[in-house]
Every structure is written in C-alpha cells, then in structure tokens.
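The chain contents come next:
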Amino acid sequence: YVTEALWTPLEELDVAFRKEMSEKNLIQELEHWLRHWVGRPTELSYLNGMTSKYGGGRLWAKREDHAHTSSFCSSLAMGYGLLAKRMGFEVLTGETASGAYGVALGSVAASLGMECKVFIGRSDYEVLGTAVDRMRLLDVDIDVVPSENRGRHAAISEALQHWATHSDEVFY
C-alpha cells in the first residue's frame, strides 16, 4: 500500500531512475564516488584464528568498517544523493535507528552541497551519542520522533509523512 500523497513523487522517481539507468551516466558517476569517496571495493581479510579454530575451510571477512562512514550505508546514501541531485533536489531526507544511515546521508549531503534532514526515534536518539554527534557535525537537521519502543518504525512513518508533504522540496 502506498498513500495517494506519494503516488506522484514515486512516479517521478521511477521516471528519473529509468532515464538515468538507460543513459548509464548515473552508474558511472556512482562508481567514481564509490571508489574515490566511499573506498570501494573494501578488502577481504583472512581470519586465520577462526579458520584454525573451526576448520573445514578458509574464513574471510569483508571489511565494511573500512568504508567511509564505516558501513554499507554510504553506498546506498551516495546513490540516493546523486539521483536526487540530478532530479534537482537540494535536501535529502531519511530515517535512522542505529545512526549509521543518518551519518552516511549527512556525509553525502555535505559532500554534494545539499542539506539533510534525518528522523530518529527518541529511544534510539537517547542511546546513540556518538552517531548523533557526528550527524550534528555534518549539519544534519535531526528530528527526534516521540516513540516508546517503535524507534525505527516511528522514524520511518515521520519521514514518509514529511516526504508526502514536502515532495517538491526533499528527496527520500
């Protein structure tokens, strides 16, 4: 189910995405940013100790902690940011529960010269001091959503409502 208020923004997003994918320009630019800004591809690290302990095969770990903002979120956020910029938007908006996506979205917005608004449930906000501090350093407009135990759910609901009422100004 999608609320009627989001039909037009979703159709516009679909048209823009299909256009960019057919022209291959967005993919080329995204690949450039992923390599030179995010630090992709991240390396694999051989886990000698675990391999010895568990045997049966060689164990490896993908080092996502070496990517900019220390998570996969930076790749997703960069894709959103580039598409939003190409569509003429100046504000990125999203939600976060762990803080990682808020930091990644704020980093992308700062890098692309955009503004950023992130919704976060109060319960998450109160325990994510470092991530919240990083978002503030990136000039992210943090909207704390009252919530008891529905942190991410409440933040998503608020972010979607914000997008529905400001779809001509913000990209979600």
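What you see is a predicted model; the values in this text were computed from it and never measured.

Counted under the stated rule, the structure contains 6 aromatic pairs. The rings of Tyr80, Phe89, Tyr101 and Phe171 are connected pair by pair, giving a single aromatic cluster.

Quick look at the nonpolar core now. Met78, Leu82, Leu92, Leu105, Val108, Leu112 and Met135 are the most contacted members of the largest nonpolar core, which has 34 residues in total. Elements that contribute at least two residues to this core include exactly helix H2 (25-38), helix H4 (73-86), helix H5 (100-112), strand E4 (115-121) and helix H7 (129-137). If you tally residues by element for this core, the top one is H5, at 7 residues. Setting aside chain neighbours within four positions, we find leucine 92 in contact with Tyr80, Gly81, Ala84, Leu105, Val108, Ala109, Met114, Glu115, Cys116, Lys117 and Phe171. Within the second largest apolar cluster, 5 residues are counted, among which are Phe119, Val145, Ala154 and Ala159.

With respect to the element layout, glutamate 95 can be found in strand E3 (residues 91-96). Its relative accessible area of 10% is what places glutamate 95 among the buried residues. Within polar-contact distance, the side chain of glutamate 95 engages the side chain of arginine 152 at 3.3 Å. Of note is the side chain of glutamate 95, whose polar atom sits 2.5 Å from the side chain of tyrosine 172.

Definitions and limits used
- Residues numbered from 1 in each chain as written.
- Predicted model: local features only at pLDDT ≥ 70, side-chain atom pairs only at ≥ 80, totals over all residues.
- Heavy atoms only, no water.
- Phe/Tyr/Trp six-rings, centres within 6.5 Å; stacked < 30°, edge-to-face > 60°.
- Core = buried A, V, L, I, M, F, W, Y, C linked by side-chain atoms within 4.5 Å.
- Buried < 20%, exposed > 50% of the residue type's maximum accessible area, 1.4 Å probe, protein only.
- Helix = DSSP H or I, 4+ residues; strand = E, 2+ residues; numbered from the N terminus.
- Contact = heavy atoms within 4.5 Å.
- Polar contact = N/O pair within 3.5 Å; in protein donor to acceptor, adjacent residues only side chain to side chain.

So yeah, pure geometry; function would need other evidence.
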